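Structure at a glance
Okay, here's what each chain looks like letter by letter:
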Amino acid sequence: MQQRRADGRVLMRAAVLGSPVAHSLSPRIHNAGYAAAGLTGWRYTAHECDERQLASFVDGLDATWAGLSLTMPLKEVVLDIADELTPLVAELGAANTLVVRDGRRVLHNTDAPGLVDALAETGTVAAEKVSILGSGGTARAALSAAKDLGATEAVVHVRRESAAYAELAPVAERLGVPLIVRPWSAIGDIAASDVVFSTVPKGVTDDLEIDWRADTVLFDVLYDPWPTPLAANAAGAGCVVLDGLALLLAQAVRQFELFTGVAAPVEAMRAALIGR
């Protein structure tokens, strides 16, 4: 897996793939980590890549590649070109990390444990009632986080109930998490939750009026613009609020360690992200 440069340093590569991907902050985070960890021969880049281009890109990886970070729209289609799936990836039906080891392509999901890691930094390590807004890919990760937090149920609020049953019900069943699907009109119920994950696109929650409890934790996976009206209202009520940058960092830390085998310099990576 190693190629030496003229100066004797090992050159290894990793990258984030997706479409669009030019806005990605992942290169900033990972390269800061390499510098802080003394991995002077490592480089992390971003590459525009859609579903049709993914297989040929991965086929072109040589022994200098440690792995890939995968963002939309690649998190599901990548399952078709992998040699091995971790149990979590099999349960979620989605992956955001491809690790190349001895020519084998192994898929991981660091989004789901990243949500738990970020919550743990705030002191939130358990939650009985978890609510999830949305039914997309990040909602799947939130279901896994609900399981890890020990939730007795996961209540999903969606604008299209059919989407939740089609996309999330099979995942919840594999995870063993009791799933309750509720319409968007009943979204005020989230105020009674211990943890709320908002996984919907920008603007969707802007008009919501929630009578927040101060002991509810809101994890809104957006970060631009920030704060969202949802986050501002929750913070104003005394809630602990996390943004998408918290998830971006936490999942990148786990990716860094999968790629390099080295403990991630978390504070250096956090400083690079915050100072973007």
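Definitions and cut-offs
Residues numbered from 1 in each chain as written. Predicted model: local features only at pLDDT ≥ 70, side-chain atom pairs only at ≥ 80, totals over all residues. Heavy atoms only, no water. Helix = DSSP H or I, 4+ residues; strand = E, 2+ residues; numbered from the N terminus. Rg over C-alpha atoms; globule rule 2.2 N^0.38 Å. Buried < 20%, exposed > 50% of the residue type's maximum accessible area, 1.4 Å probe, protein only. Contact = heavy atoms within 4.5 Å. Areas by Shrake-Rupley, 256 points an atom, 1.4 Å probe, with all protein chains shown as cover. Arc of directions from axis to C-beta. Axes fitted to C-alpha atoms, helices over the stretch in contact; angles between N-to-C directions. Left-handed = near helix turned anticlockwise from the far one by under 90°. Nonpolar A, V, L, I, M, F, W, Y, C, P; charged D, E, K, R; others polar. Polar contact = N/O pair within 3.5 Å; in protein donor to acceptor, adjacent residues only side chain to side chain. Salt bridge = Lys/Arg side-chain N within 4 Å of Asp/Glu carboxyl O.

In terms of helices and strands, the protein chain carries ten helices and 13 strands. Against the compact-globule benchmark of 19 Å for 276 residues, the protein chain has a radius of gyration of 19 Å, which places it among compact chains. For the C-alpha atoms alone, the extent of the protein chain along its principal axes is close to 60 × 35 × 30 Å. For the protein chain, with 276 residues in total, the buried portion stands at 51%. Put simply, of all contacts in the protein chain between residues at least 6 apart along the chain, 63% involve residues at least 24 apart. Roughly 12,000 Å² of accessible area belongs to the protein chain as shown, and the carbon and sulfur atoms make up 50% of that amount.

Listed in full, the buried residues belonging to helix α8 (residues 229–236) are L230, A231 and A234. Down the axis of α8, the buried set is contained in an arc of 95°. They therefore lie on one face. In this structure, the buried residues of α8 make contact with β8 (129–133), β11 (195–198), β12 (217–220) and β13 (240–242). Note on α8: the residue one or two positions beyond its end, G238, has a positive phi of about 95°.

Here we come to unusual backbone geometry. Between D224 and the following residue, P225, the backbone shows a cis peptide bond with an omega angle of 0°. Of note, P225 is situated in the loop between β12 and α8. Each neighbour pair has its own omega, and for W226 with P227 the value is 0°, a cis peptide bond. Here P227 lies in the loop between β12 and α8. If you check the backbone angles, D102 has positive phi at about 50° while not being a glycine. Topologically, D102 is positioned in the loop between β6 (97–101) and β7 (104–108).

A word on the packing of helix α4 (residues 111–121) against helix α9 (residues 244–260). Viewed as axis vectors pointing N to C, α4 and α9 meet at an angle of 115°, and their least axial separation amounts to 8 Å. The handedness of the crossing between α4 and α9 is right-handed. Across from D111, P113, G114, L115, D117 and A118 in α4, the residues of α9 making contact are A246, L247, A250, Q251 and R254. Of the residues that constitute the contact of α4 with α9, the class distribution is six nonpolar, two polar and three charged.

Okay, the side chain of T110 next. Among the structural elements, T110 can be located in the loop between β7 and α4. Under the relative-accessibility criterion, T110 is labelled buried at 2%. Here Q251 takes part through its backbone oxygen, which lies 3.1 Å from a polar atom of the side chain of T110. Beyond its immediate stretch of four places on either side in the chain, T110 contacts N96, T97, Q251, R254, Q255 and L258.

Another aspect to go through is the pattern of salt bridges. Opposite charge on two side chains makes pairing possible when the charged atoms of those side chains draw close. Under the definition given, this model contains 13 salt bridges. Of the charged contacts, one joins E121 and R270 as a salt bridge, the two residues approaching to 3.2 Å between their closest N and O atoms. Highlighted residues: E121 in helix α4 and R270 in helix α10 (residues 266–274), separated in sequence by 149 residues. Classification of E121 as exposed rests on a relative accessible area of 55%.

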